[in-house]
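Take a look at the letters that make up each chain.
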Amino acid sequence: MTRSLAVLLVAVLALLAGCSEPVEEAGVEVTGPLLEEPTITYPRPLEIAEAEHAVVVEGTGERLRPDEPVLLHYRLESATTGELVDQTYGSLPKAYLLTPEDLSLELYQALLGVRVGSRVLLLAPGDETAGTVPTVLVADVLPTRAEGQPVEPREGLPAVTEGEGGAPVVTIPEGEPPEELEVQALVRGSGPQITADSTLVVQYTMVRWSDGTVVDSTWEATGPRAFSLAETITGWNQGLLEQTVGSRVLLVVPPNLAFGDQEGHDLAGETVVYVVDLLAATEPKKEG
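Residues numbered from 1 in each chain as written. Predicted model: local features only at pLDDT ≥ 70, side-chain atom pairs only at ≥ 80, totals over all residues. Heavy atoms only, no water.

Student: How would you explain unusual backbone geometry if you had to name every residue and give the values?
Tutor: Here Arg44 and Pro45 are connected by a cis peptide whose omega angle stands at 0°. Inspection of the secondary structure assignment puts Pro45 in the loop between strand 2 (39-41) and strand 3 (52-57). Here Asp67, not a glycine, exhibits a phi torsion of approximately 70°, which is positive. Looking at where Asp67 falls in the secondary structure, it is placed in the loop between strand 3 and strand 4 (69-78). In the Ramachandran plot, Glu242 falls in the positive-phi region, its phi being about 70° despite a non-glycine side chain. Summarising the element assignment, Glu242 is placed in the loop between helix 3 (234-239) and strand 16 (248-253). (Helix = DSSP H or I, 4+ residues; strand = E, 2+ residues; numbered from the N terminus.)

Student: Got a sec to walk through the nonpolar core? Specific residues and values, please.
Tutor: Of all hydrophobic cores here, the largest spans 23 residues; its most connected members are Trp236, Leu240, Tyr274 and Val276. The set of elements that each furnish at least two residues to this core consists of strand 13 (199-208), strand 16 and strand 17 (272-281). Looking at this core element by element, the count peaks at 5 residues for strand 17. Setting aside anything within four residues of it in sequence, one finds Tyr274 in contact with Thr205, Met206, Ile233, Trp236, Val249, Leu250, Leu251, Val253 and Phe259. Counting residues in hydrophobic clusters, the runner-up holds 18 residues, among them Leu111, Val120, Leu122 and Leu137. (Core = buried A, V, L, I, M, F, W, Y, C linked by side-chain atoms within 4.5 Å. Buried < 20%, exposed > 50% of the residue type's maximum accessible area, 1.4 Å probe, protein only. Contact = heavy atoms within 4.5 Å.)

Student: How would you explain the pairing of strand 14 (residues 214-217) if you had to name every residue and give the values?
Tutor: Summarising the sheet, strand 13 and strand 14 pair through 3 bridges and their orientation is antiparallel. Paired with Thr205 across the two strands is Ser217, which belongs to strand 14. Taking the residues between adjacent antiparallel strands as the criterion, strand 13 and strand 14 are bridged by 5 residues, where Gly212 takes a positive phi near 75°. (Pairing = 2+ DSSP bridges.)

Student: Tell me about the packing of aromatic side chains, and please be specific about residues and values.
Tutor: By the definition in use, this model includes 4 aromatic pairs. Between Tyr204 and Phe227, the aromatic rings sit 6.0 Å apart at their centres with planes inclined by 65°, giving edge-to-face as the arrangement. Here Tyr204, found in strand 13, pairs with Phe227, found in strand 15 (residues 225-228); they are 23 residues apart in sequence, far enough to count as distant. Its relative accessible area of 5% is what places Tyr204 among the buried residues. (Phe/Tyr/Trp six-rings, centres within 6.5 Å; stacked < 30°, edge-to-face > 60°.)

Student: If you had to explain the side chain of Asp140 to someone new, which residues and values would you point to?
Tutor: Within the secondary structure layout, Asp140 lies in strand 8 (residues 135-142). Residue Asp140 is classed as buried on the basis of its relative accessible area, which comes to 1%. Side-chain polar atoms of Asp140 contact the backbone nitrogen of Leu35, separated by 2.7 Å. (Polar contact = N/O pair within 3.5 Å; in protein donor to acceptor, adjacent residues only side chain to side chain.)

Right, here's the structure in full:
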């Protein structure tokens, strides 16, 4: 076992044991709650001969698989000075595909097979040729689907079942679409409420009522996307307001709250059905 990996394991064991004292052997210590900005303590400069990684906190979700979406909160520091290089805490998590090309080879290897809900520590050496410096990274792995309490939907709405990987499958009922906006939580999350000025990270499926075809879906593309609620269609403005992060929400949006009668638009005059998983949102800024 290399010394750097031994130090890393000491840090992990210390955290899991609830230790708040400096880690012996002048190692790396990570403290702080999941999904909140961590404190990373280590001697500076920290010499990193080769990439090493460890799971600091083990999650309980599904394991990450290659080529699938991954949603991360992270803090990246220079191992030489301890200065912040980049982080997402305090804003929105970022979505990637679990590939070496979209992440990096070191981070890909650190995340592969890790459970959703985990916190991962990665030490990466610098590359003088590429002009990069040694870094210390702490990353929290967030869910890429709704997680919460299932809710029994009202009768007469489109049926929603789960397909591969949790992707929603929508079946349109017979008959004419409703004339008013229909909002139905299918899963009730326990996160903060969405406000009118929230920016959201979501997964969604968009279905045309008239023929049941899928028009657009993040599940079939690159994974979660970010939207400002204020800049989306009126049906989203109204239907997602005050829903909670972690929820899955069914929206049946009539034409006047969707795309209206826009000439040349594929969905002009159409009722549109959305299934939206609310994965994260910016919180309102505190005054004072």
